[in-house]
Amino acid sequence: MKDIKIDRLEIRLCGISPRVALSTVSGLGNELLKNVSKEDGLFNQSSAVNISKIDSGKFQTRGYVSSSDLRKMIANRITESIVSKTK
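Below or above, wherever it landed, is the structure these notes cover. (Residues numbered from 1 in each chain as written. Predicted model: local features only at pLDDT ≥ 70, side-chain atom pairs only at ≥ 80, totals over all residues. Heavy atoms only, no water.)

1. Looking at the overall build of the protein
- Scanning the protein from N- to C-terminus turns up three helices and four strands.
- Across the protein, helices and strands are ordered from the amino to the carboxyl terminus as β-β-α-α-β-β-α.
- In the protein, buried positions account for 38% of the 87 residues.
- In the protein, the share of contacts with a sequence separation of at least 24, taken over all contacts with a separation of at least 6, comes to 88%.
- A total of about 5,700 Å² of accessible surface is found on the protein, and carbon and sulfur atoms cover 47% of it. (Helix = DSSP H or I, 4+ residues; strand = E, 2+ residues; numbered from the N terminus. Buried < 20%, exposed > 50% of the residue type's maximum accessible area, 1.4 Å probe, protein only. Contact = heavy atoms within 4.5 Å. Areas by Shrake-Rupley, 256 points an atom, 1.4 Å probe, with all protein chains shown as cover.)

2. A few points about the packing of helix α1 (residues 18-26) against helix α3 (residues 67-86)
- Between α1 and α3, the shortest axis-to-axis distance is 8 Å and the interhelical angle comes to 55°. On the basis of their axis angle, the class for α1 and α3 is oblique. Judged by the sense of rotation from one axis to the other, the crossing of α1 with α3 is right-handed. Only S67, L70, R71 and I74 of α3 make contact with α1, whose side of the interface consists of V20, S23 and T24.
- Classifying every residue of the contact of α1 with α3 gives three nonpolar, three polar and one charged. (Axes fitted to C-alpha atoms, helices over the stretch in contact; angles between N-to-C directions. Parallel < 35°, antiparallel > 145°, perpendicular 65-115°, else oblique. Left-handed = near helix turned anticlockwise from the far one by under 90°. Nonpolar A, V, L, I, M, F, W, Y, C, P; charged D, E, K, R; others polar.)

3. Some thoughts on the pattern of salt bridges
- Tallying each qualifying case throughout the model produces six salt bridges.
- Between R12 and E10 there is a salt bridge, with its nearest N and O atoms 3.5 Å apart.
- Two residues, D55 and R12, come together in a salt bridge whose shortest N-O distance is 3.0 Å. Remark: R12 occurs in strand β2 (residues 9-14) and D55 occurs in strand β4 (residues 54-60); sequence separation between them is 43 residues.
- Classification of D55 as partly exposed rests on a relative accessible area of 40%. (Salt bridge = Lys/Arg side-chain N within 4 Å of Asp/Glu carboxyl O.)

4. Let's talk about the layout of surface pockets
- Approximately 210 Å³ is the volume attributed to the largest pocket.
- Among the elements of the structure, β1 (4-6), α2 (28-37) and α3 are those that each provide at least two residues to the lining of the largest pocket.
- With four residues, the top contributor of residues to the lining of the largest pocket is α2. (1 Å grid on protein atoms, 1.4 Å probe; cavity = no way out; pocket = protein on both sides within 12 Å on 5 of 7 lines; lining within 4 Å. Points joined across faces, edges and corners; volume = space filled by probe spheres on them.)

5. Concerning α3
- In a regular helix each residue adds 1.5 Å, so 20 residues correspond to 28 Å; α3 covers 28 Å between its end C-alpha atoms and thus fits that length.
- Tucked inside the fold, the buried residues of α3 contact β1, β2, α1, α2, β3 (49-51) and β4. (Expected span 1.5 Å × (residues − 1).)

As structure tokens, this is what we get:
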């Protein structure tokens, strides 16, 4: 697969400070790229995949969560959605 195009990505964060939210999403692209590159066969397909919408669901924390942990949780959920939509 040469390209994965996502037209709309929804991420809802509840109980997260604006500072942590900004730090979380600033490295999300790299974390997501790392995740999808580990998926066997995902990039072996010959055509691009267009995904109209991915809704990652709501992320609500009880207590403190680091931006790096939250970024990994979001990237994992988005990766799962990409993989399910490309099979």
